[in-house]
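Results of the structural survey
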Amino acid sequence: MLVTRLIERKRDGGRLEPAEWTALIRSYVAGDVSDSQMAAMLMAIYVHGLDRMETAALTDAMRRSGAQLSLAHLGGLRVDKHSTGGVGDKTSLILAPLVSSLGVAVPMMSGRGLGHTGGTLDKLESIPGMRTDLTLAKARAQVERIGCVVMGQSSEVVPADRGMYALRNATATAESVPLVASSIMSKKLAEDLTGLVLDVKRGSGSLVHDLDEALELAGTMVALGDANGCEVVALLTAMDRPLGRAIGNALEVEEAIHALSGEGPPDLMAVTYALGAEMLQLGGVAADADEARRRMEVAISSGQAARKLQEVIEAQGGNPGVVDDPAVLPQAGACELFEAPRRGFVARVEPRGIGRALVALGGGRAGPDDRIDPGVGFVITAKPGDWVELGEPVATIFARDDAGIATGRAALRSSIVIADEADHPLPLISHRVTMDGVTRAD
Ligand code: URA
């Protein structure tokens with residue numbers, strides 16, 4: 001295989017055959033295709049897209065680029081959940097322990113921050129000692145023992161996604177339907193799942209731009225799961241404002257812990273319960289959404305879900321004391337209240353500007369080798385549609401120093417828009433996509 005010929009063909013809008021995708025990915029993982037060549041290929045895919053057959057071939061090649069988890073010996077159903085990426089989206093941190101505390105095995109393989117969106121692994125690693133770079137043997141043993149693991153791609157498992165993910169982040173090629181679909185589904189299909197719930201975000205803070213693209217992304221991933229014996233349910237949820245209040249790695253862990261103690265913000269809990277209800281039905285422990293919701297509420301109020309989070313943290317080397325005392329999380333060096341610059345309705349809270357500001361504060365990566373500052377971020381209490389008075393506190397900025405506070409202040413000034421009239425935000429949960437088709441959920 002001459003990689004330059006493949007890049008050239010894709011650059012000019014042509015197609016690659018399945019064997020060519022396999023050869024390309026195998027050579028990339030072996031180090032025979034350089035990062036610069038892969039970056040060029042990613043840009044060609046970004047510009048021209050892939051059809052569904054090419055996306056399936058790329059996904060399969062990525063999935064087979066390393067070893068795969070085998071869990072069938074457990075006998076029960078195994079369900080995971082993944083988001084296509086957003087700002088303030090910490091539902092995975094809540095759902096992994098919540099659903100596994102109700103008896104469904106949850107082997108979760110998550111991602112890092114991508115572009116302006118946050119990543120579950122970066123958030124979890126803000127817990128002192130917590131490791132997500134687990135070997136497959138350790139991950140498997142942990143699922144056998146406590147029913148849940150949250151881990152990342154590695155040099156052993158889906159290594160192709162590890163490299164390509166970092167390159168997409170560094171080359172502005174994250175926002176592509178086939179690249180998001182193959183990245184997510186290569187990881188999920190390597191986990192030996194029986195069911196998968198996807199949170200497909202839409203709106204200005206998501207990686208896909210409009211409803212049609214979100215439906216195409218959801219349909220592509222549902223079909224990839226079906227072709228590989230994994231039932232997939234996708235919910236389309238709003239990302240035209242941040243989810244919940246906290247944005248930033250340690251701040252989001254703290255909010256997830258509050259949610260597991262029954263004190264999560266309403267929008268975060270609504271999305272969490274909707275996704276969790278799908279997971280519990282796919283996991284065979286709830287007959288319908290109402291029963292699932294009741295079981296989740298009991299798991300939260302009894303402390304069972306929070307205890308499962310402690311078990312997962314402890315099993316992965318972290319300090320489980322964080323669940324009782326989130327103050328052990330890394331703290332920001334400086335913080336400042338942000339007050340409404342006028343009275344009126346909160347018309348918009350723009351997630352993309354806030355996600356980008358988080359990266360600028362050090363809470364995300366601009367380059368592949370950047371280290372994350374886990375303590376920085378925002379807590380934004382104002383939601384679209386709220387009425388606020390001049391000078392009323394609507395957010396708090398957490399930064400390393402005064403320069404970071406100034407960056408955060410500028411970002412909030414342009415992202416929190418207050419006007420005489422309220423805007424029309426997207427419905428929180430709008431569509432449900434399965435192999436049976438698309439239904440409206442609002
Ligand atoms: N999550 C992933 O794992 N990959 C993407 O491309 C987007 C979200």
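Residues numbered from 1 in each chain as written. Predicted model: local features only at pLDDT ≥ 70, side-chain atom pairs only at ≥ 80, totals over all residues. Heavy atoms only, no water.

1. Brief notes about the pattern of salt bridges
Enumeration over the complete set of coordinates arrives at 33 salt bridges. Arg52 is the salt-bridge partner of Glu216, the closest N and O atoms lying 3.4 Å from each other. In this pair, Glu216 is assigned in helix 10 (residues 211-227) and Arg52 in helix 4 (residues 52-63), connecting sequence segments 164 residues apart. Its relative accessible area of 42% is what places Arg52 among the partly exposed residues. For Asp240, the salt bridge is made with Arg241, and the minimal N-O distance between the two is 2.7 Å. (Salt bridge = Lys/Arg side-chain N within 4 Å of Asp/Glu carboxyl O. Helix = DSSP H or I, 4+ residues; strand = E, 2+ residues; numbered from the N terminus. Buried < 20%, exposed > 50% of the residue type's maximum accessible area, 1.4 Å probe, protein only.)

2. Here's the deal with the domain arrangement of the chain
For the chain, the assigned domains are domain 1 (3-49), domain 2 (72-325 + 428-436) and domain 3 (332-419). Using only C-alpha atoms to locate each centre, domain 1 and domain 3 end up separated by 39 Å. (Domains from an automatic or database assignment.)

3. Focus on the sheet that holds strand 13 (residues 429-434)
With mixed pairing, the 5 strands of this open sheet are ordered in space as 1-4-5-13-14. At either end of the open sheet lies a strand with only one pairing partner, and these are strand 1 (79-83) and strand 14 (437-440). Between one strand and the next, the sheet's axes are offset by a mean angle of 20 degrees, whatever the strand orientation. Pairing between strand 5 (residues 231-238) and strand 13: 4 bridges, direction antiparallel. Following the sheet pairing, Thr237 is matched in strand 13 by Ile429. Helix 9 (residues 177-189) contacts strand 1, strand 4 (195-202) and strand 5 of the sheet and is inclined by roughly 165 degrees relative to strand 1. Its contacts with the sheet place helix 12 (residues 266-282) against strand 1, strand 4, strand 5 and strand 13, and it is angled at close to 155 degrees to strand 4. (Pairing = 2+ DSSP bridges. Axes fitted to C-alpha atoms, helices over the stretch in contact; angles between N-to-C directions. Contact = heavy atoms within 4.5 Å.)

4. Section: the site of the ligand
In the vicinity of the ligand, the residues found are His82, Ser83, Thr84, Leu114, Tyr165, Arg168, Val180, Ser183, Ile184, Lys187 and Leu207. In this structure, Arg168 approaches the ligand through a side-chain N or O atom, which is 2.8 Å from an oxygen atom. The fraction of the free accessible surface of the ligand (240 Å²) that becomes covered by protein chains is 97%. Among the secondary structure elements, those contributing two or more residues to the shell around the ligand are strand 1, helix 8 (159-170) and helix 9. (Near = heavy atom within 4 Å. Polar contact = N/O pair within 3.5 Å; in protein donor to acceptor, adjacent residues only side chain to side chain. Areas by Shrake-Rupley, 256 points an atom, 1.4 Å probe, with all protein chains shown as cover.)

5. What about helix 8?
Helix length check: helix 8, at 12 residues, gives a terminal C-alpha distance of 17 Å against a target of 16 Å (1.5 Å per residue), a fit within 8%. All buried positions along helix 8 are accounted for by Pro159, Ala160, Asp161, Met164, Tyr165, Leu167, Arg168 and Asn169. At its buried positions, helix 8 is contacted by helix 2 (18-30), helix 3 (35-48), helix 4 and helix 9. Two residues or fewer after helix 8 comes Ala172, characterised by a positive phi angle close to 55 degrees. (Expected span 1.5 Å × (residues − 1).)

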